[in-house]
Amino acid sequence: MRRRLVPYLLILPGGLWLAIFFVVPMVVMLSFSLMEGDVVNGFALTWHWQNYTEGISTYADQLVRSLLYGVLATAACILLAYPAAYWIAFRGGVRKTTYLFLMLLPFFVSFVLRTFSWKFLLADDGIVLGPLKSAGLLPQDFHVIATGFAVVAGLTYNYLPFMVLPIYVALERVDPTMVEAAQDLYAGRAQAFLRVVFPLSLPGVFAGVLMTFVPVSADYVNATVLGGTNNTMIGNIIQNLYLVNSDYPEAAALSFTLMAILLVGIFLYARALGTEDVLEVATR
Amino acid sequence: MTETVEADTATGTELAAIELRRVVKTFHSHGEAVPAVKGVDLAIGQGEFFSLLGPSGCGKTTTMRMIAGFDEPTEGEVFLHGSDVVGVPPNRRDINMVFQSYALFPHMSVLENVAFGLRRKGVPKDEVARRVGEMLEIVDLTGREKRRPRELSGGQQQRVALARALVNRPRALLLDEPLGALDLKLRQAMQVELKRIQREVGITFVYVTHDQNEALTMSDRIAVMNDGLIEQLGTPREIYERPATKFVAGFIGTSNVLSGTVSRRDAAAAVIEPGPGERIVVPGTASAGDVVEFTVRPEKIDVRTEQPDGEGCALRGTVTEVVYLGTFTNYNVQTSTAAEVVVFVQNVSSADDVAARGDSVWLSWDPRHSYAIGA
Ligand SMILES: Nc1ncnc2c1ncn2[C@@H]1O[C@H](COP(=O)(O)OP(=O)(O)OP(=O)(O)O)[C@@H](O)[C@H]1O
Ligand SMILES: [Mg+2]
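Rules behind the numbers
Residues numbered from 1 in each chain as written. Chains lettered and ligands numbered in written order. Predicted model: local features only at pLDDT ≥ 70, side-chain atom pairs only at ≥ 80, totals over all residues. Heavy atoms only, no water. Helix = DSSP H or I, 4+ residues; strand = E, 2+ residues; numbered from the N terminus. Contact = heavy atoms within 4.5 Å. Areas by Shrake-Rupley, 256 points an atom, 1.4 Å probe, with all protein chains shown as cover. Buried area = accessible area lost by both parts, 1.4 Å probe. Salt bridge = Lys/Arg side-chain N within 4 Å of Asp/Glu carboxyl O. Polar contact = N/O pair within 3.5 Å; in protein donor to acceptor, adjacent residues only side chain to side chain. Domains from an automatic or database assignment. Nonpolar A, V, L, I, M, F, W, Y, C, P; charged D, E, K, R; others polar. Pairing = 2+ DSSP bridges. Axes fitted to C-alpha atoms, helices over the stretch in contact; angles between N-to-C directions. Near = heavy atom within 4 Å. Parallel < 35°, antiparallel > 145°, perpendicular 65-115°, else oblique.

Participant: How should I be thinking about the overall build of chain A in this particular structure?
Facilitator: Helices and strands together make up the secondary structure of chain A, namely 13 helices and 2 strands. Oriented by its inertia axes, the alpha-carbon framework of chain A measures out at about 80 × 75 × 35 Å. Sequence-distant contacts in chain A: of pairs separated by 6 or more residues, those separated by 24 or more amount to 69%. In the form shown here, chain A has an accessible surface area of approximately 15,800 Å², with 71% of it arising from carbon and sulfur atoms.

Participant: Whenever I open this one, the interface of chain A and chain B confuses me. Can you help?
Facilitator: Frequently, the measure chosen for interface size is the accessible area removed from exposure when the parts meet. In this complex, chain A contributes 21 residues to the contact, which on the side of chain B involves 26 residues. Taken together, both faces of the contact between chain A and chain B bury some 2,100 Å²; the carbon and sulfur share is 61%. Broken down residue by residue, the surface that chain A buries against chain B is led by A:D184, A:L185 and A:Y186, which jointly contribute 37%. Here chain A and chain B share 1 salt bridge between them. The closest approach of N and O atoms between A:E180 and B:R65, which form a salt bridge, is 2.7 Å. The tally of links from chain A across to chain B stands at 7 residue pairs in polar contact (both at pLDDT 80 or more). Mapped onto the side of chain A that touches chain B, the elements with two or more residues apiece are helix 8 (176-184), helix 9 (189-218) and helix 13 (275-282) of chain A.

Participant: Just checking my understanding: could you explain the domain arrangement of chain B for this structure?
Facilitator: Residue and element names in this part refer to chain B. Splitting chain B by domain gives domain 1 (18-244) and domain 2 (254-372). One C-alpha centre belongs to domain 1, the other to domain 2, and the line joining them spans 40 Å. Counting from both sides, the interface comprises 5 residues of domain 1 and, opposite them, 5 residues of domain 2. With both chains or domains summed, domain 1 and domain 2 bury close to 570 Å², and 46% of this area falls on carbon and sulfur atoms. Broken down residue by residue, the surface that domain 1 buries against domain 2 is led by Y240, E241 and P243, which jointly contribute 79%. Counting every contact that joins domain 1 to domain 2 gives 1 salt bridge. Notably, a salt bridge pairs K300 with E241, separated by 3.3 Å at the nearest N-O pair. Summed over the shared surface of domain 1 and domain 2, the result is 3 residue pairs in polar contact (both at pLDDT 80 or more). Here the side of domain 1 that touches domain 2 is composed, by residue class, of 3 nonpolar, no polar and 2 charged.

Participant: Just to check I follow, could you spell out the sheet that holds strand 2 (residues 32-44) of chain B for this structure?
Facilitator: Within a sheet, adjacent strands bond to each other through the backbone by hydrogen bonds, running parallel or antiparallel. Residue and element names in this part refer to chain B. An order of 2-1-4-5 is seen for the 4 strands of this open sheet, with the pairing classed as antiparallel. The strands lining the two open edges of the sheet, one partner per strand, are strand 2 and strand 5 (83-84). Pairing between strand 4 (residues 75-80) and strand 5: 2 bridges, direction antiparallel. Looking at strand 5, one finds that F79 is bridged to D84. In the packing of helix 2 (residues 60-68) onto the sheet, contacts are made with strand 1 (18-29), strand 2 and strand 4, and the angle to strand 1 comes to roughly 115 degrees.

Participant: Please clarify how the site of ligand 1 should be interpreted in this entry.
Facilitator: All names here are of chain B. With respect to spatial proximity, the complete set of residues near ligand 1 consists of F27, A36, P55, S56, G57, C58, G59, K60, T61, T62, E177 and H210. Within the contact set of ligand 1, an oxygen atom lies 2.7 Å away from a backbone nitrogen or oxygen of G57. In the environment of ligand 1, an oxygen atom lies 2.5 Å from a nitrogen or oxygen atom belonging to the side chain of T62. Here ligand 1 loses 63% of its free accessible area of 640 Å² to cover by the protein chains. The leading source of residues in the shell around ligand 1 is helix 2, at 3 residues. The class makeup of the residues in the shell around ligand 1 is 4 nonpolar, 6 polar and 2 charged.

Participant: Just checking my understanding: could you explain the packing of helix 3 (residues 60-91) of chain A against helix 11 (residues 234-244) of chain A for this structure?
Facilitator: Helix packing geometry: the angle between the two helix axes and the distance between the axes. All names here are of chain A. Relative orientation of the contacting elements helix 3 and helix 11 amounts to 130 degrees, with a least axis distance of 8 Å. The orientation of helix 3 with respect to helix 11, classified from their angle, is oblique. Seen from helix 3, the contacting residues are Q62, L63 and S66; seen from helix 11, they are I234, G235 and I237.

Here is the structure:
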């Protein structure tokens, strides 16, 4: 009897935590998304699903932009993280953990502070652009801040470790004798990588994509600090509706819309990659 | 050394499939030099089943990795079919390896695993299909083409690894303790299987093992390695019956290593006379007064209660242990020279044991079975 209870006791703390701080707010927000009213007169649950349709049509630009930035930043993260993780895993030698730590070092600084320091760095007359402009290498009206590029760059920078870590873990688990076996079977370095190492590291890439694409698409700090007015993401809208306009139903409806889009996207992504298979390899 | 001469005659004048000349490999780890192979010379003939036998850490894997091209020798040369291959990467060497851990690709099916090498070599599709099919038949895996390696038993995985290497028809196959992960029964079955396959395909096999029985039963020739050097190189019979060093005598089977002071010389042999009526003849060049060490295999010795006559070796002793082992009986005999000698006596008749514990006995053997050994 006691034995059978043990597993339940083990999930109790975590389960309670999730129930109170995740499920309850989710239910509350879901009901908000179907309410009408305002802060002064209060909100009432009227199953007002138009919150969704109106939200989507009003903020379609920002939704699309969020997903686009999400895809771009995630792709950039893969391109930057993979070679770095590869190098650390296969060439890092005894100092692997040191290199990994160095990669993660910037993230001991607050997220917002880091983003602001980028703003400072990339300012129109800042320490990077200023000298280049006065040297005549860049036109005077050239700017980085307040462009989509700055937002994607900031997002990439801020979420890079979430890509590096899972890819590193996956590569680290690839048995080096696999590479030797491939070479023994007449594969050159490139073939050994493409046919053996890369497929075996896909679970890490998959996990990395999950861990970056979702938060990147919902991010609002980078767009606020680096993006200016023309590059707002859906996160900015939700934040504004919530904190400035106190339009809780609309904010909640947009949040759920974003969540639904991301879930569907990830589901399709998993199907396309044949993730079950990929994950099975990872847990072999 | 006589062994090297024999090695040369064994390969004859034809080109050796694999030849190592004074090969040295020193690793550097944590600022320390680790000598793994200290100077190995060997020539392996075309189609030979050649074993590298030795205890853990003696440099077997390192030697093999230098042949395969995964490690480059610190000094010395490696020849494959007469051409110097130092600096040639593994994918350009016409030999394949079966890894100790199999190293099957987990994300590929059995078929894809076996076809991997042929596809990399650009063999036409239909030929790949045909050769893979034939190979899977040889290793008895037909019908399991679509399985992933983890869906196979240990023995089946082993056979996939073998098929994946053999299908390329390499000029030599390197096997690093390929049966190490299997249980005894399967291991023995696979030994027979491997030997059959090797005969069928006629490819040179270089086989690494630390199991002396495996090496003795399967090999054409064996190199016994110890501490980065080859202690002895020869046929299983030579290695077993005439161990050249104390190490080989101790490592292969049960052997009695005895020593004594030479009292006189007689023709081409040294004679040791430990006591009245006792006589040990050791062929060799030792002269009177020298201390010689020699070995005698337990099954070459006879136990009897009366003093033997004739010119053979004779030694007196007391039986300390008698163990009946079915096909033979194991006697431990404390000799007058204070050494304990192990004797195996075939149980040819169902008569009682020749001696019991505590009996005084005479040990005798043909002088041809005493071998003086080096250090
Ligand atoms: N990459 C390496 N770096 C440092 N030392 C190594 C390396 N590879 C092998 N050695 C050392 O070289 C020696 C020989 O190793 P090797 O793997 O050849 O032994 P082995 O005969 O195959 O042993 P086993 O039967 O245990 O597989 C060992 O002392 C080992 O510690
Ligand atoms: Mg080894």
